[in-house]
Amino acid sequence: MSNLPLWEVGKVGSAVASPSSSPPTTSPVCISRTFTCKNFPSALSCLNLVGAICENLSHHADLHLVSYRDVVLVIYTHSVGGVTENDLELARAIDEEVKVNYSPKWLKEHPEASYTSAVPKPKE
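- An unreviewed UniProt entry annotates the protein as 4a-hydroxytetrahydrobiopterin dehydratase originating from Triparma retinervis.
- Per UniProt, the protein has the following entry under Sequence similarities (unreviewed entry): "Belongs to the pterin-4-alpha-carbinolamine dehydratase family."
- According to the UniProt record, the Catalytic activity (unreviewed entry) comment for the protein reads "(4aS,6R)-4a-hydroxy-L-erythro-5,6,7,8-tetrahydrobiopterin = (6R)-L-erythro-6,7-dihydrobiopterin + H2O".

If you want it as structure tokens, here you go:
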């Protein structure tokens, strides 16, 4: 997805199962984005910002906080079991509006994410 370079297309995994529902019999196609924040408060802040965008667009992503600072965002339209234009719009809004306080090590390993960083890239 060239216009969403930080997002990957895949199948909804079962690594973080929803306690309120049974896993689907077939895994829907989704788009996802995974990254490591600098610390726990940064990860929570990021999730809150993403949640506000989801609420504003009335389209809700699956948000996961793993190992206190690893964030996993999973987007798909549950009712159709796949990715729709609404999902792509939500991903674009997240990339444009959420500035993430990444782990410096993670950002160094993933320079393609620098345009979404809360910390400006140092001049070389």
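Text resumes after the structure shown.
## Quick notes on the side chain of R33
Right, so step 1: Following the sequence through the fold, R33 ends up in strand β2 (residues 29-36).
Right, so step 2: At 2.7 Å, the side chain of R33 and the side chain of D95 are in polar contact.
Right, so step 3: Within the structure, R33 has its side chain in polar contact with the side chain of T116 (distance 3.3 Å).
Right, so step 4: Beyond its immediate chain neighbours, meaning those up to four positions away, R33 contacts L6, W7, V71, V72, L73, I94, D95, V100, Y102 and T116.

What counts and what doesn't
- Residues numbered from 1 in each chain as written.
- Predicted model: local features only at pLDDT ≥ 70, side-chain atom pairs only at ≥ 80, totals over all residues.
- Heavy atoms only, no water.
- UniProt positions renumbered as here; feature names shortened; annotations may be inferred.
- Helix = DSSP H or I, 4+ residues; strand = E, 2+ residues; numbered from the N terminus.
- Polar contact = N/O pair within 3.5 Å; in protein donor to acceptor, adjacent residues only side chain to side chain.
- Contact = heavy atoms within 4.5 Å.

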